[in-house]
Amino acid sequence: MAFLSLEKIKPFKKKIYLSSPTMHGEELMYMNEAYSTNWMSTVGANINEVEHLVAQQVGCGYAVALSCGTAALHLAVKLAGVKSGDHVFCTDMTFAATVNPIRYEKAIPVFIDTEYDTWNMDPAALEKAFTLYPDTKVVMLANLYGTPAKLDEICAICEKHGAILLEDAAESFGASYKGRQTGTFGKYNVISFNGNKIITGSSGGMLLTDDPAAANKARKWSTQSRENAAWYEHEEIGYNYRMSNVIAGVVRGQLPHLAEHIAQKKAIYERYRAGFADLPVSMNPFDPETMEPNYWLSCLLIDREAMCRQVRSDRDALYLPETGKSCPTEILEVLAKANAEGRPIWKPMHMQPTYRSHAFITRNGDGRAQTNAYIAGECMDVGADIFARGLCLPSDNKMTQDEQMRIIELVRQCFA
Ligand SMILES: *Cc1c(COP(=O)(O)O)cnc(C)c1O
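Fair warning: this is a prediction, and the values are worked out from it, not measured in the lab.

When you look at the overall build of the chain in this model, what are you seeing that I'm missing?
Secondary structure summary: the chain contains 13 helices and 17 strands in total. Its C-alpha radius of gyration of 22 Å places the chain within 12% of the 22 Å reference for a compact globule of 416 residues. Along the longest, intermediate and shortest principal axes, the C-alpha atoms of the chain span 75 × 55 × 40 Å. Put simply, the chain has 416 residues, and 56% of those count as buried. Put simply, 70% of the contacts in the chain that link residues at least 6 apart link residues at least 24 apart. As displayed, the chain offers around 17,400 Å² of accessible surface, 53% of which is attributable to carbon and sulfur atoms. For the chain, the centre of its 42 positive side-chain charges and the centre of its 49 negative side-chain charges are spaced 4 Å apart.

Here it is, written out as structure tokens:
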């Protein structure tokens, strides 16, 4: 945009969040129950019940309630047998929590580029990675923003190469692929109840698996690995990763509202899509034939021709306003002025200071050589391209239709 003065934007009185917790009342009842029965620790009826309910809901054998999704990912990595120095193929454009647990075990993540159809791991790049690192035995896959990856292709490639799939479904709880819930495609899978996820326990996460021995192992590791002995006997390293019965009470109260939250998020996504139909942008995509996302976050991708100039260093961003064009930096600035919270797309791991020395595999050529050119906006890998042109829109399910219409109007003005 070229005309609008940021100072003239009137802020919402009440901040519009990206995605904040939505409570319903039952949470308090189950928390109270934990309190009044004095099951305030990591044992109790709420924990047992949420493990049972989630396993039933997702359609997996066992759910293990843990302190957070990251803890669940760490145990998934350990269950997969990942050892120091092993290569693990990993989604590149995701939250760092997907990959950090690989480093906790001193293994080496190899990042796999993204595809444009679902913004998830590119099966073609994954196939190529197996030709470069044929000994790799574990793949860590995230379903971004609530949209399932191309799971048929990914599963087939893992099977062909005898690799274990780990599914990070932290953002996609309740989403399905060909009628099957995400969080069931890997051997070990993870969901999160972090405060901004589709349902929340304030914190918390779960490991999902069909393997009863693995579920028991995860329960043992998560409670400091005590052996069945008269004293604290330890044969292996343990962790303090178990979910609290109070947190489980919140999750228990939230679970009946999962479908309702998904419906609200879907309505938000559809309103954005309709509101931007004539703009040079697209929404985060999925295949309606095979996928039912949970619509956790609505995201926008600006057409290449409609991008004004934008440069980013490791910490800062600059742009040149231009009539008829915009960029994520400008839109996020406008939203912030209006007291509404947007967010850049997850900055790809291969571009992160702590990870950029790691291998990065694209479907064509060497990703690293292309990455250097990303400021010029040319020859980028897919992850860097989506990061440069995309953003997450306010997707809070408590946002009113009027508030959303105003946000749509603000974004539209950016392209005036
Ligand atoms: C939120 C999230 C996690 C981590 O979950 P926590 O419960 O916050 O530890 C992991 N992976 C992805 C993709 C996430 O979005």
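What should I look at first to understand the packing of helix H1 (residues 26-36) against helix H8 (residues 245-254) in this one?
A pair of packed helices is characterised by two quantities: the angle between their axes and the separation of those axes. Viewed as axis vectors pointing N to C, H1 and H8 meet at an angle of 150°, and their least axial separation amounts to 7 Å. Viewed along their axes, H1 and H8 adopt a mutual orientation that is roughly antiparallel. When you trace H1 past H8, the crossing you get is right-handed. Only Asn-245, Val-246, Gly-249, Val-250, Arg-252, Gly-253 and Gln-254 of H8 make contact with H1, whose side of the interface consists of Glu-26, Glu-27, Tyr-30, Met-31, Glu-33 and Ala-34. Of the residues contributing to the contact of H1 with H8, the split by class is five nonpolar, four polar and four charged.

Please clarify how the packing of aromatic side chains should be interpreted in this entry.
Within a pair of aromatic rings, the relevant descriptors are the distance that separates the centres and the angle that separates the planes. By the definition in use, this model includes 13 aromatic pairs. Ring-pair connections join several aromatic residues into one group, and the members of that group are Phe-95, Tyr-145, Trp-296 and Trp-346. Across the ring face of Phe-185, the terminal group of Arg-180 is positioned such that the distance to the ring centre comes to 4.0 Å. In this arrangement the basic side chain of Arg-226 is found over the ring face of Tyr-232, its NZ or CZ atom lying 3.8 Å from the centre.

Looking at this structure, how should I read the site of the ligand?
Close to the ligand lie 15 residues; Gly-69, Thr-70, Asp-168, Glu-171 and Lys-197 are nearest. The contact in question runs from an oxygen atom of the ligand to an N or O atom on the side chain of Thr-70, over 2.5 Å. Within the side chain of Ser-192, an N or O atom sits 2.7 Å from an oxygen atom of the ligand. Relative to its free-state accessible area of 380 Å², the ligand is covered by the protein chains to the extent of 95%.

Just checking my understanding: could you explain empty space enclosed by the protein for this structure?
Think of a ball as big as a water molecule: rolled over the atoms, this probe shows where empty space is left. Throughout the structure, instances matching the rule amount to two cavities of 30 Å³ or more. When its volume is computed, the largest cavity comes out at roughly 50 Å³. Lining the largest cavity, in full, are Ser-19, Ser-20, Pro-21, Thr-22, Lys-197, Ile-198, Ile-199, Thr-200, Gln-254, His-261, Lys-265 and Asn-397. The class makeup of the residues in the lining of the largest cavity is three nonpolar, seven polar and two charged. Considered as a void within the structure, the second largest cavity measures approximately 30 Å³ in volume. Taken together, Tyr-145, Thr-147, Tyr-269, Asn-284, Phe-286, Pro-293, Tyr-295 and Leu-297 form the lining of the second largest cavity. Classifying every residue of the lining of the second largest cavity gives six nonpolar, two polar and no charged.

How should I be thinking about the pairing of strand E13 (residues 309-312) in this particular structure?
Every regular strand shows the same layout, with side chains that alternate between the two sheet faces. Only one face of E13 is buried, namely the one carrying Gln-310 and Arg-312, since none of Arg-309 and Val-311 on the opposite face is buried. Summarising the sheet, E13 and strand E14 (residues 317-320) pair through four bridges and their orientation is antiparallel. Across the sheet, the residue bridging to Arg-312 is Ala-317, located in E14. A loop of four residues connects E13 with E14, the two strands running antiparallel in sequence.

Please clarify how the state of the cysteines should be interpreted in this entry.
Joining two cysteines, a disulfide is a covalent bond between their sulfur atoms. Tallied over the full model, the rule gives zero disulfides. As a non-bridged cysteine, Cys-327 has Cys-308 as the owner of its nearest cysteine sulfur, 3.6 Å distant.

Is there a simple way to explain the sheet that holds strand E10 (residues 281-283) in this structure?
The pairing of strands in a sheet comes from backbone hydrogen bonds and takes either a parallel or an antiparallel form. The strand order across the open sheet formed by four strands is E10-E12-E17-E15, and the pairing between neighbours is antiparallel. Whereas interior strands pair on both sides, the edge strands pair on one side only; in this sheet they are E10 and strand E15 (343-344). Here strand E12 (residues 299-302) pairs with strand E17 (residues 390-392) via three bridges, running antiparallel. Each bridged residue has a counterpart across the sheet, and for Cys-299 the counterpart in E17 is Cys-392.

How should I be thinking about unusual backbone geometry in this particular structure?
As a rule of thumb, non-glycine residues mostly have phi less than zero, and peptide bonds are mostly trans rather than cis. Non-glycine residue Trp-119 carries a positive phi angle of around 65°. Within the element layout of this structure, Trp-119 appears in the loop between strand E3 (108-112) and helix H5 (123-132). In this structure, Gln-224 is a non-glycine residue whose phi angle is positive, near 70°. Classification of Gln-224 by relative accessible area gives partly exposed; the value is 38%.

I'm lost on the layout of surface pockets in this one. Help?
Quantified by volume, the second largest pocket comes out at close to 270 Å³. Residue lining of the second largest pocket: 14 residues in total, with Ser-313, Asp-314, Arg-315, Lys-347 and Phe-387 positioned closest to the centre. By residue class, the composition of the lining of the second largest pocket is six nonpolar, three polar and five charged.

About the thresholds
- Residues numbered from 1 in each chain as written.
- Predicted model: local features only at pLDDT ≥ 70, side-chain atom pairs only at ≥ 80, totals over all residues.
- Heavy atoms only, no water.
- Helix = DSSP H or I, 4+ residues; strand = E, 2+ residues; numbered from the N terminus.
- Rg over C-alpha atoms; globule rule 2.2 N^0.38 Å.
- Buried < 20%, exposed > 50% of the residue type's maximum accessible area, 1.4 Å probe, protein only.
- Contact = heavy atoms within 4.5 Å.
- Areas by Shrake-Rupley, 256 points an atom, 1.4 Å probe, with all protein chains shown as cover.
- Lys, Arg positive; Asp, Glu negative; His and termini not counted.
- Charge placed at Lys NZ, Arg CZ, Asp CG, Glu CD.
- Axes fitted to C-alpha atoms, helices over the stretch in contact; angles between N-to-C directions.
- Parallel < 35°, antiparallel > 145°, perpendicular 65-115°, else oblique.
- Left-handed = near helix turned anticlockwise from the far one by under 90°.
- Nonpolar A, V, L, I, M, F, W, Y, C, P; charged D, E, K, R; others polar.
- Phe/Tyr/Trp six-rings, centres within 6.5 Å; stacked < 30°, edge-to-face > 60°.
- Lys NZ or Arg CZ within 6 Å of the ring centre and 35° of its normal.
- Near = heavy atom within 4 Å.
- Polar contact = N/O pair within 3.5 Å; in protein donor to acceptor, adjacent residues only side chain to side chain.
- 1 Å grid on protein atoms, 1.4 Å probe; cavity = no way out; pocket = protein on both sides within 12 Å on 5 of 7 lines; lining within 4 Å.
- Points joined across faces, edges and corners; volume = space filled by probe spheres on them.
- Pairing = 2+ DSSP bridges.
- Disulfide = S-S within 2.5 Å.

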